[in-house]
There are 2 protein chains.
Amino acid sequence: MRDPEQRFQELMAKLRARAYRLTPQRVALIRLLAYSEGHPDAAELYRRLLDQFPTTSLATVYKTLNLLKEMGEVLEIEINGIGGEGSRFDGNDPAPHPHLICVRCHRIMDGQVSLTEEILQTVQGQSGYRVISHRLDFYGICPECQVQGVN
Amino acid sequence: MRDPEQRFQELMAKLRARAYRLTPQRVALIRLLAYSEGHPDAAELYRRLLDQFPTTSLATVYKTLNLLKEMGEVLEIEINGIGGEGSRFDGNDPAPHPHLICVRCHRIMDGQVSLTEEILQTVQGQSGYRVISHRLDFYGICPECQVQGVN
DNA sequence: TCCTTATAGATAATCTTTTTCCAGAGAGAA
DNA sequence: TTCTCTCTGGAAAAAGATTATCTATAAGGA
Ligand SMILES: [Mn+2]
Ligand SMILES: [Mn+2]
Ligand SMILES: [Zn+2]
Ligand SMILES: [Zn+2]
């Protein structure tokens, strides 16, 4: 995980560079994203934002999230198939990296392996696609859920 | 790609084994899935089913799709982040395998590489997760869209 | 301070997927 | 074949996440 404060400053700089307005709500949300470890969803970010801005709208969260997605500064993790819920987000590290998703409690942690350049070349060669990005997710049972057994 | 007819028979046998009723709509949908190459979505399957059964309901498609998902006989590919559309399905090969998703025309083709056992072991060891399944998708531009250039 | 315009907030709309309800059909028994 | 029991299809409504719309306001520069 990157240093959250450093990541926060980086995001602020990038927004400034594009002349986006640094509203308090936006700054707070960006801080939440930069510091977040647990891959929160939009509703979770909204909840935390409400502590600081009781009148915030969920739409505002989505708007900022989309803004950052377009800038390539937030990674969206879709887990619709898992709990019927919405996407989760990683604003600390937007580069493609593997995730471990617990199918029981929906905890998401970062994986440390990365695809080899060899695999990427193989895939591009076989398919003819020009690969821009990728996604590697593992589904399983997290350590906590394993000790609990079936509940 | 597996032999479609063989796959169709396999699915029929598995439904019979679980004593699910082989209604004409269900059989037709299963045939569509077994023979499908292009990773259709629910609406596409629905459209094709309408040719044979003009009164079919989209809900029926989803019900059968969910049935097969629970049986582990259909692979769901979520691309919500791409075009705002829904999931796509592979009923010909439900085992986890990589996909190449064109971010321009949304074509999906199968990738041929597979994750090494070494990577799987590494991920499990590092995380403590018991990995059940995985997902590996590549996003890029398909050959057709490359020659067209930017449209 | 003033002006311009991007953005927040409230709300409605959208879109995919699920749920509900019930008539009708599938399949086994006789 | 007929009977019976249930499962399933179809129609419609509902749900749930995300997006669009509209307007007042506030950010940032002059
Ligand atoms: Mn992550
Ligand atoms: Mn496939
Ligand atoms: Zn868990
Ligand atoms: Zn394409």
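Residues numbered from 1 in each chain as written. Chains lettered and ligands numbered in written order. Predicted model: local features only at pLDDT ≥ 70, side-chain atom pairs only at ≥ 80, totals over all residues. Heavy atoms only, no water.

## Comments concerning the interface of chain B and chain A
As a measure of interface size, the accessible area lost when the parts come together is often cited. To be explicit about the condition: When checking whether two residues touch, look at their non-hydrogen atoms; a contact exists if any pair is within 4.5 Å. Buried area is a sum: the accessible area each of two parts loses on coming together, probed at 1.4 Å, counted once for each and added. Take a side-chain nitrogen of Lys or Arg and a carboxyl oxygen of Asp or Glu: if they are within 4 Å of each other, that pair is a salt bridge. The term polar contact refers here to a pair of N or O atoms within 3.5 Å; inside protein, the definition further demands a hydrogen-donor-capable atom paired with an acceptor-capable atom, and it admits residues adjacent in sequence only when both atoms are side-chain atoms. Strands are runs of DSSP state E lasting at least 2 residues, helices are runs of H or I lasting at least 4, and numbering of each runs from the N terminus. Any residue outside Ala, Val, Leu, Ile, Met, Phe, Trp, Tyr, Cys, Pro, Asp, Glu, Lys and Arg is labelled polar, Gly included; the first ten of those are nonpolar and the last four are charged. Pairing between strands is defined by DSSP: at least two bridges between the two strands are required.
Contacts between the two partners involve 37 residues from chain B and, on the opposite side, 38 residues from chain A. For the pair chain B and chain A, the summed buried surface comes to about 3,200 Å²; carbon and sulfur atoms form 65% of the total. Sorting the residues of chain B by area buried against chain A places Tyr129, Arg135 and Tyr139 of chain B first, and these three jointly supply 22% of that buried surface. In this structure, the connection of chain B to chain A is made through zero salt bridges. In this assembly, chain B and chain A are joined by 14 residue pairs in polar contact (both at pLDDT 80 or more). It is strand S5 (residues 130-141) of chain B that contributes the most residues to the side of chain B that touches chain A, 12 residues altogether. Here the residues of the side of chain B that touches chain A are counted per class, giving 21 nonpolar, 11 polar and five charged. Judged from the 11 bridges that link them, strand S5 (residues 130-141) of chain A and S5 of chain B form a sheet pairing that is antiparallel. The residue bridging Ile141 of chain A from the neighbouring strand is Arg130 of chain B, located in S5 of chain B.

## Structural notes on the pattern of salt bridges
Residue and element names in this part refer to chain A. Quick reminder of the rule: Only protein chains enter the accessibility calculation, which uses a 1.4 Å probe; a residue is then buried when its area is under 20% of its type maximum, exposed when over 50%, and partly exposed in between.
The final tally for this structure, using the stated rule, is 20 salt bridges over all chains. Here Arg47 makes a salt bridge to Glu44, at a shortest N to O gap of 2.4 Å. Remark: Glu44 and Arg47 occur in helix H3 (residues 42-52); sequence separation between them is three residues, near one turn of the helix. Among the residues examined, Arg47 registers a relative accessible area of 46% and is labelled partly exposed.

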